[in-house]
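As a plain string of letters, each chain reads:
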Amino acid sequence: MILECGLSRISIRRRATSLNDVGYHLIPIITMRRLAGFSTVIALLPISVLAQATVEGRVELPKSRSAPVIAKRYEVVTRGGVLSTEPPLAIVYLDGLFPRPASLPTKEIAQKDLTFLTSLLPVQVGTKVEFPNLDDTYHSIFSYSPAKRFDLGRYRPEERPIPSQVFDKPGLVTLRCDIHEHMRALILVLNTPYFVVTNPSGRYRLSGLPSGHYTLKAWINSKTTRERPVELKSGETLHVDFP
């Protein structure tokens, strides 16, 4: 699109994009043919176009010791004092100094069929997590982890407001039920907004990352976290495996 105003001629290229869930910056674009009399046009560009990097790869997961998963149901197991999911999963995250958002979306770990859904949840520091009871019985969720100690007490399925906690300290939190001893889940509280849970084969993809030098980490279990230094560049995809 070409706009002419006075002695100025301004060329603007617009790319069609959705306004849903996309942030935007206002950027002035000025083109002058002469020193006198110029015009300024404000163009609306999505943040995602300005600077994004992607990292993808695979984490080598421990061998599974259980039967194939049905409907993506996982459990937390302890072997030699090490907590992990069974079948194994990993959390890959970008470690660095990032601005803290003004607000964070609320997350959820439900109790259904006497099981936590999900059994492994990564969240950013300051995230509120709700614990709805979807069973026809009472539950009593608690944690003695140093990163978060709490006890929600016994509550029924229709409990309102839904019992919740804000996780304001980084670290691993183990959830338990005081009524059903076999129930356990893990919350990994991170000082970063950039994280993802791998698929069952260990593959992951993190997009929308800022450019720069960072440390990419892969949480495997309560005792094992691997890391790799990375240099991220805008518009590029970096492949990083954790063997």
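Sequence order as written defines residue numbering, which begins from 1 separately in each chain. Given that the model is predicted, a residue must reach a pLDDT of at least 70 before its local features are reported, and side-chain atom pairs must reach 80 or more before they are shown or counted; all residues, however, enter totals for whole chains, interfaces and linings. Side-chain figures throughout are based on the complete set of non-hydrogen atoms in the structure, without hydrogens or water.

Participant: How would you sum up the overall build of the protein? Please name residues and give values.
Facilitator: Numbered from the N terminus, helices here are DSSP runs of H or I no shorter than four residues, and strands are runs of E no shorter than two. In terms of regular secondary structure, the protein is built from one helix and 23 strands. The proportion of buried residues among the 243 residues of the protein is 37%. When contacts within the protein are restricted to residue pairs at least 6 apart in sequence, those whose partners lie at least 24 apart make up 58%. Here the Shrake-Rupley method, with its probe set to 1.4 Å, supplies the accessible areas, and only the displayed protein chains count as covering residues. Within the structure as shown, the protein displays about 14500 Å² of accessible surface, and the carbon and sulfur contribution to it stands at 51%. Residue burial is assigned from relative accessible area. The probe radius is 1.4 Å, only protein chains are included, and a residue is buried under 20% of its type maximum, exposed over 50%, and partly exposed in between. In what follows, residue pairs with any heavy atoms lying within 4.5 Å of each other are defined as contacts.

Participant: Kindly report on the pairing of strand 18 (residues 184-190), identifying the contributing residues and their values.
Facilitator: Within strand 18, six of the seven residues are buried, which leaves the element mostly enclosed by the surrounding structure. Bridge count for strand 12 (residues 120-124) against strand 18 is five bridges, and the pairing is parallel. In the strand pairing of strand 18, V123 is matched with V189. Both strand 17 (residues 171-177) and strand 18 contribute to a ladder of six bridges, which runs antiparallel. In this description, strands pair whenever DSSP reports at least two bridges between them.

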